[in-house]
Structure formats: structure tokens, C-alpha cells
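Residue strings, one per chain:
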Amino acid sequence: MQNKDYHAQLNPAQLKAVQSISGPHLVIAGAGSGKTRVLVHRVAYLVEHGVNPEEILLLTFTRRAAEEMLRRASTLLDKRCSRVSGGTFHSFANFILRKYAAFAGLSSNFSILDQSDAEDAVGLVRAKLTLNKTDKRFPRKHAILEVISKSTNKSALLEDVLQQEYPQFQEFSAQIKKIRDGYNEYKRKKSLLDYDDLLIYLQVLLSQHADLRKKLSSRYKYIMVDEYQDTNRLQAHISCLLASEHGNIMVVGDDAQSIYSFRGANFRNIIDFPKIFKGTKIITLEENYRSTQPILDLTNAVIRQAKEKFEKNLFTRKTGGELPIFIDCPDDSAQSKFVADKILELREDGVNLKDMAVLFRSGWHSNDLEVELASRNIPFVKYGGLKFVEAAHIKDVLSYLRIAHNPADQVSWMRALQLIPGIGPKTANLILEAMAEKNKNAQEKIFKKKEELVKLFDLFDQVKADIDKPAALIEMFLKYYQPLLKIKYDDFHKRLNDLDSLINIAGRYKLLEQFLTDMALEPPERALVESGRADKDDSTLTLSTIHSAKGLEWSTVFIIYAADGHLPSYLSLENPDQLEEERRLFYVACTRAKMNLFLCKPNIDRSPRSQLASGGTVFTQVSRFLEQGGVLDKFISTQASGSEDGIGQFELEDIIGQPGKRSKEFFEDMKDYFSEENGF
DNA sequence: TGCTGTATCTTTTTT
DNA sequence: AGATACAGCA
């Protein structure tokens, strides 16, 4: 009956993956090969065959991805599919740890530190150990946390991480270890967990409590892990522990799309998977359903240059399609104008804005474009880059809520206290010590000096009744915080607006704990908050870092700043492994496109760094990933065959790089165009 | 002593 | 644009 539908909608390899129910499976899925479709159908298939949805655990990279899959599975079958358990490793860990806090030696109201909180805590510990005064070249708190985090995520010794990736810090090995131990102790005492701790605690919980492991493994009888190439050792270990009772685990991934090694991910998890689970069946998906042949030719040529990869042979049955186009723009703002022009033109031709995306390596690459789009009233949502909750004033208010939720949260206390004028790190510490020791004398002494302090404490006393209405709680704290905000920031008006938005978001939550957890683990995107929407609506252009574009696809894709030093990033040029990751990143970016692919670069680099380095005008080079292996020539020469007469006769969209034709000439060509049409 | 203002770098990517 | 280091001020 239903099986017929599955046959019709899936190719043989996909069908096999969907219908393989028991035992370990590894699905190697090339870009655009219908990986999501397999997962969605598999969920439906399992439920249809009598599996209780709650016994299926779907671990994905973002909660958005999980929700999208469950929504699609629901349309395929029925509402039962939405009861499937799922989320990110971190949110799943949070869920389990709150429930079984006692087993893990935690109090269930633990706070989650985001990266900057964690950095603050490291800074505190470092200051306490007075290691910062010894030497000027001592690593910053940011770098220290990075080293510590990498060693946990890779399950590697700190020394090894230092030796391999941070040789410049090797001489501080002993001090960094001291800071790490101090940091761990500090967090444990104050019921604080950073991102890595969520994983560590879950791993320890599962390894050390056999009864609990059995219980959980029996509860989650079917485990699926998406984007397995971007899991780290710790996450791989957790997956295996969860599957220990039954071995029903399917992991899906593509080694060519591994782009998270900077946080400890290792695509060798894919190779090692069959070693851990004997009898693993491997299924390879090679047919591409996403892109046209010319785009596929380009992406295949890009990944062919990779130093290390599993051979895959992606093919499509689609014929025809436009050739990818490379545009060398005079500068950043010309690039923005080109992209905006082209987007408007495509929209006139009937392409919906939601089917277009602009991708880039780092958050600031889109700054100029954002201004341009705004001035032309093109609605967009930006993913990646700085998050809404990372703004100082939002963090300030959240720190009050976190104290209300977990009074031991000293990181938040430090932040909240230092907002009061006249209180810096030292006094804040003094207050906290006086409170901890219940030293009435010392307390009164300090309290007498600052009436703000009394107000703050009174507020926390009042709070207890309303603890589970986050929105009301914020409004209450806002009365106290508003005057402080005005002193602290000149642009307090804009920031007050943001705080209204925060109240709005909080209004969607009944429980304070859930609200705070979400703000730490699944923070809303800035652009969505500012437009007052929960989701992007139907006709919105997408701007995204390549990392945040993972797993998504659009009919038209623009990649901006495809220049050497930007993509690949100048920070990765020295290290061969990092450079390979940049290549995969570029691959991921290009493979997002279904029909049209545009690559742009500004010819003049006005970024502060390059200005500083040279003092003069810096001309960019085409990204080396296009130069190498004739990638650029290959996809261009096909196009060039129909355009021997040169560039003059072409509309803008036909201006492309030709073999051997380099920046200087393009600069002239583009300059002409932009001066005439756009009033340069 | 500790806080605040000013100068000076430094800016990848994310849970 | 934000964090950090340093020097002067209460």
C-alpha cells in the first residue's frame, strides 16, 4: 500500500536507506542528493510501521533543521511525526541533564554560559591566579577558552592541542592548565555549565551510570544523526552510548562538507563509524537532484582539488541550465549595487525573493550590501554574524533574569553589580564574598554606600512570586535598569527598542528556565527580532554566512567577496588543514545553488586590515579555489565560446571572466558600466 | 585602592 | 565596533 509511494518518491539507494530499520547504518550523501528527503521519509516510514514517535531521536545541527524535517514528515504522514524527539546535541543534553541533574551531581537550575560569559569567567579565574601580570604576551581570555574548548571537544590532551594548533602558547602550558582547573572548579561551585560542559556531563552521565544509560537507550530505540561530518569526538561518543542497547543508529553525512573543525569536528568520525559498529551497512547517495549540470561541473571541479576525500561521483539527470557567472566589481559598493540590481531584475522575471540568497565568509562582508538593500526596500533576513542576545544591553537584562533563576550564577552577578556606577570588578567581588560568608557587617558597610545596590536586592526579593513569567519579569527589572542604560549608552533609544523586542520574545514563554535556555542554545537571529517576526515570511531575501547556510538551498545564489584573503580567509592561509576546510566551505557555498550561481569580488579591498597592512590601495586576487585546477577557466570557457566578440556587446549579466582575462581589464569594463548606469 | 576615560589594537565561522 | 591596556582621577 504505502510502500508504493516510497518507491515513487525515492531512488533505489534512498529507498534502501529509508527501509533499513534495524542495525547501524552509514549514509554517505553528496551535496543535494536528497539527504533530508531520506531522513524525513525514514521518520514517516518508522512511524507508519508502528514505532512510537517518541522512541525516535533525531539529532540535527540546528533546531530549525529538526523542526523543518518533522514538519515535512507530518505532511507526508500525519501529526504523530511531530512528537519525534529531536534537537541539537546541546539542547538534547540540556533536556536530559535537567531531568537527571542529581545523577550528574548538578542542581537542576544550572545556568548555561554562552561564549562571552564563559570568557568572562575565564578572565575572572585568570585574574585571581594573577597569571596575567607575568608576561605581556600571555594569551587573552578568548584564546585561553578556545584552547580549553578544543581539548575537550577533541577529547585530546591540552598539551597536544597546544603543540598542534597553538605552538605560540606552548610555553604557557602549565598556567593554562591551572586556569582550566580553576575555571572548572568555579563553574561546578556556582552551578554553571558552558557549551562544552553540556556534552561532557551527558557523556559522563551515560558512561558512568549503566542503569540510566540502559533506560535512555531503551527509550530512544531509533537514533538518527544528521550532518555527522560535523560532529566531534565527544558527540560521536554520546551517539554510540545512546545506541548501546540496540545498535539502531543511522548517521548521515558528507566528508566533503565538513566545515566545523574549528570547534573540534572531525570528518574522520565518518570513517571510524564502521569500526565502532561492526556490521555497519554503508549506503551512498550520488545522484544530485538540486543543481543544473553547469553548476555541478563547477562544484565537482572545486572538490576535485581537495587533498583528501572519499571519491564520489555526483551526477544529475537535469539538462541545460545557465552557466555560473563571475563578476569582478570595482569595489565593495559596486558589488552591492550589482547584487541588488540583479536581484531586482530576477524579481521582475518572476523569481521570488525567498528563492534567492547572498552568501559570504564572515559576518561583516554583507555590511555594505545591507545598506544598499535597505535603501532599495528589498526585504532581507540575515543569518549568522552577531546575534541579538549578544548585544551588551540584552546581556545586561538577561543577567538579572539568570540571577532570579539561579542565584548562584556568579557570572551574572558580576555583570549586574558592575552596572552600578562606582562598582567595578573589585567591589563586585567584595559584595559577593560578603554575601557568601553571610558577613552582616561587611554587607551593611557596602550597602550604606550605594542605594542602587539596596534597590537591586529588594527587586530580587520581590521577584520570587513571578518567577515563571519571563516577560513580566523583564518589565520589572527594566524600571530599575532604564536609568542605568541611559547613563551607559548614548544611543539608549535604539537599545530601549531592542529591550521591547526582548519582552515580546519572552512573551512567548511560560517558563523562565525555558526562555533562558533558548536564549543560550537557540538564540533568535537579529534581523528576525528587529522586524518583529518569529520566522522569515514568504518574500524575503536571505543573507547568510556560509556556515549558517549549511543544508539549505536556493534557486539563485550570490557569493560575495570570493577573493583570496576573504574566501579563503587570510587567517587560514598558513595552515594546510585549515585551507582545506576553506575549500570545503567554498564547495558548500556553491552547492547551495539550484539554477543560477553568481560569484563576485570587489577589486579594491577597503577592509581596515588590508588598509593597515599596506597603507595604499589593495587590489584583490580571485579566490585561489577558482584559480586552481582551472576551475575558473573551465566554467567560463564554456560560456565564452558563445561570446568571442568580447564583452562590450553584453548586458551586465553576461559579463564574465574569460580565460586569461584578469582584474585590471574587468575593472575598466565594470567601471564603465557603473559610471553610466548608476551614477558613479 | 579602585574606577573611569582614553588610546590602541584586532575582527572567521557556532553550539 | 568592541575589547583590552594603561594612565589619571576620587
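Criteria and thresholds
Just so you know, the residues in each chain are numbered from 1, in the order the chain's sequence is written. As they are written, the chains are lettered A onward and the ligands numbered 1 onward, keeping that order. The predicted origin of the model limits local features to residues at a pLDDT of at least 70 and limits the giving and counting of side-chain atom pairs to 80 or more, whereas totals for whole chains, interfaces and linings rest on all residues. Excluded from the side-chain calculations are hydrogens and water; all other atoms, namely the structure's heavy atoms, are used. A strand pair is defined by DSSP finding two or more bridges across the two strands. Only DSSP runs of H or I reaching four residues or more are called helices, and only runs of E reaching two or more are called strands; each is numbered from the N terminus. Only the stretch in contact is used when fitting a helix axis, every axis being a line fitted to C-alpha atoms; angles between N-to-C directions are given from 0 to 180 degrees. In this description, contact between two residues means that some pair of their heavy atoms is separated by no more than 4.5 Å. One less than the residue count of a helix, multiplied by 1.5 Å, gives the span that helix is expected to have. Accessibility here uses a 1.4 Å probe with only protein chains present; expressed as a share of the type maximum, an area under 20% marks a residue as buried, one over 50% as exposed, and anything in between as partly exposed. By definition here, a salt bridge exists when the distance from a side-chain nitrogen of Lys or Arg to a carboxyl oxygen of Asp or Glu is within 4 Å.

Participant: Where do I start with the sheet that holds strand β1 (residues 25-29) in this structure?
Facilitator: Strand-to-strand pairing in sheets goes through backbone hydrogen bonds, with the strands running parallel or antiparallel. One open sheet accounts for six strands, arranged β3-β2-β6-β7-β1-β8; its pairing is parallel. Only two strands of the sheet have a single neighbouring strand rather than two, namely β3 (85-87) and β8 (281-285). Geometrically, the sheet is characterised by an average inter-axis angle of 10 degrees between neighbouring strands, direction not taken into account. Looking at chain direction, β1 and β8 are connected through five bridges and run parallel. Looking at the pairing, A29 lines up with L285 of β8. Lying over the sheet, helix α13 (residues 268-276) contacts β1, β7 (249-253) and β8, oriented at roughly 155 degrees with respect to β1.

Participant: What is the right way to look at helix α14 (residues 293-304) in this model?
Facilitator: Residues spaced three or four apart along an α-helix face the same direction, because each turn holds 3.6 residues. Along its 12 residues, α14 runs 16 Å from first to last C-alpha, staying within 8% of the 16 Å computed at 1.5 Å per residue. Summarising burial for α14: nine of the 12 residues are buried, a large majority. Along α14, the positions that sit buried rather than exposed are P294, I295, L296, L298, T299, N300, A301, V302 and I303.

Participant: Looking at this model, I keep getting lost on the sheet that holds strand β11 (residues 380-383). Mind explaining?
Facilitator: Taken in spatial order, the six strands make up an open sheet running β9-β14-β13-β10-β12-β11, and their pairing is parallel. The open sheet has two edge strands, β9 (325-329) and β11, and neither has a second partner. Adjacent strand axes in the sheet meet at a mean angle of 20 degrees when their direction is disregarded. Relative to strand β14 (residues 593-602), strand β13 (residues 554-559) is paired through five bridges, and the arrangement is parallel. When the sheet's bridge partners are listed, V557 is paired in β14 with L597.

Participant: Please explain the pattern of salt bridges as it appears in this structure.
Facilitator: A side chain with one charge may pair with a side chain of the opposite charge, provided their charged atoms come close. Counted according to the given criterion, the structure contains 38 salt bridges. Residues K177 and E159 are paired through a salt bridge, measuring 2.4 Å at the closest nitrogen-oxygen approach. You can see K177 sitting in helix α9 (residues 173-189) and its partner E159 sitting in helix α8 (residues 158-165), a full 18 residues away along the chain. Relative accessible area serves as the criterion here: at 30%, E159 is assigned to the partly exposed category. Taking the shortest distance from any N to any O, the salt bridge between E372 and R376 comes out at 2.8 Å. Residue classification places E372 among the buried positions, given a relative accessible area of 13%. Residue classification places R376 among the partly exposed residues on the basis of a relative accessible area of 23%. Salt bridges sharing partners connect three or more residues here, namely K35, D226, E227, D230 and K550.

Interpretation note: all reported values are geometric properties and have no functional meaning in isolation.
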